[in-house]
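# Coordinate inspection notes
One-letter residues, chain by chain:
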Amino acid sequence: MELLVTLHKKENFKEICKLDIAGVIFGSVFSHGYHLTLEELVDINDQCLKYNFKRYVSINSLIQEKDLEQLDAYLDLLKELDVDGIYFSDFAVANKAYAKDMQDKLIYDPYNLNTNQKDIAFFSEYDIPSVLSRELTLEEIKEIVKSRPFLCDIQIFGHLRIAESKREYISNYFRNFNINEDPKNKETYSIKEQTRDYKMPIMEDKYGTCIYTDYIYAMFTELADISKYINRAIVDDIFVEPELVNDY
């Protein structure tokens, strides 16, 4: 089992370098929550090579027809960099990757959709690993990974994304109340429903708005029973202090 850590902001890389991990997940174009520019992505890729980290890129937003030309160019860059894997949720990414003979880089991660046994079975026919749904019970996880060893990735730490929309929720709120502030790519906002007594992290970028759980999900104790069946385990650093990631 490989241990991966996400890199949502470039400044967190110094802390990540201290960790005993196999690789880093980062992203730029079509990547919800990842704040790297294309230039920063190339720089982080080079830094990972120096530290002998494997390099995984997340393309986790929905692709529209008008985006296809830009997606083409982005995948060409990732092919040139020879990244170790591409986490994708939209099948347009898979179609383009096959056309560029990059299918061996694909890892399916629908995030807000369930990844059940049938999903894993389907993608295994194409030798594509999948990330298990964050909503599965421990017993369901055990059943799936034992039946499909080394074809499953799993998030083991971090806030879980529970809602995603292409709408600009925070910007619309600011416009309604005449608040002169740009909310894009900031991890400083939270949202609270009237019927709940806790706040949930919320972030808006150019691809829309995502809402996350108020709690930090962790399954380190439970991992002992399934680690020998798992391909990659993911620690997600979004809304989490780098020091806390280091502790775990």
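Higher on the page you've got the structure.
I will try to describe carefully the structure that is included in this document. Given the structure is predicted, the values throughout are model-derived calculations rather than measurements. (Residues numbered from 1 in each chain as written. Predicted model: local features only at pLDDT ≥ 70, side-chain atom pairs only at ≥ 80, totals over all residues. Heavy atoms only, no water.)

For the rest of this paragraph, the subject is helix α3 (residues 68-81). Since one α-helical turn is 3.6 residues long, residues separated by three or four positions face the same way. For α3, built from 14 residues, the straight-helix expectation of 20 Å at 1.5 Å per residue is met to within 8% by its first-to-last C-alpha distance of 20 Å. Listing the buried residues of α3 in full gives Leu71, Tyr74, Leu75, Leu78 and Leu81. For α3, the buried positions fall inside an angular range of 115° around the axis, keeping them on one side. In α3, those exposed residues whose orientation departs by more than 90 degrees from the buried face are Glu69 and Glu80. Where the residues of α3 are buried, they touch α2 (38-50), β3 (54-59), β4 (85-88) and α4 (91-99). (Helix = DSSP H or I, 4+ residues; strand = E, 2+ residues; numbered from the N terminus. Expected span 1.5 Å × (residues − 1). Buried < 20%, exposed > 50% of the residue type's maximum accessible area, 1.4 Å probe, protein only. Arc of directions from axis to C-beta. Contact = heavy atoms within 4.5 Å.)

For the rest of this paragraph, the subject is the state of the cysteines. Under the definition given, this model contains zero disulfides. As a non-bridged cysteine, Cys48 has Cys17 as the owner of its nearest cysteine sulfur, 7.6 Å distant. By relative accessible area, Cys48 is classed as buried at 0%. (Disulfide = S-S within 2.5 Å.)

This part covers the sheet that holds strand β11 (residues 208-212). Spatial strand order, β8-β11-β10-β9: four strands in an open sheet with antiparallel pairing. Unpaired on one side and paired on the other, β8 (161-165) and β9 (189-191) mark the two borders of the sheet. When the angles between neighbouring strand axes are averaged without regard to direction, this sheet yields 30°. Two elements, strand β10 (residues 200-205) and β11, share four bridges in a ladder whose sense is antiparallel. The partner of Met203 across the bridge, within β11, is Cys210. Of the strands in this sheet, β8, β9, β10 and β11 touch helix α7 (residues 169-176), which is tilted by about 90° from β10. (Pairing = 2+ DSSP bridges. Axes fitted to C-alpha atoms, helices over the stretch in contact; angles between N-to-C directions.)

This next bit is on α7. Listing the buried residues of α7 in full gives Ile170, Ser171 and Phe174. For α7, the buried positions fall inside an angular range of 100° around the axis, keeping them on one side. Against the buried residues of α7 lie β9 and β10. Once α7 finishes, Asn178 follows within two positions and takes phi at roughly 55°, a positive value.

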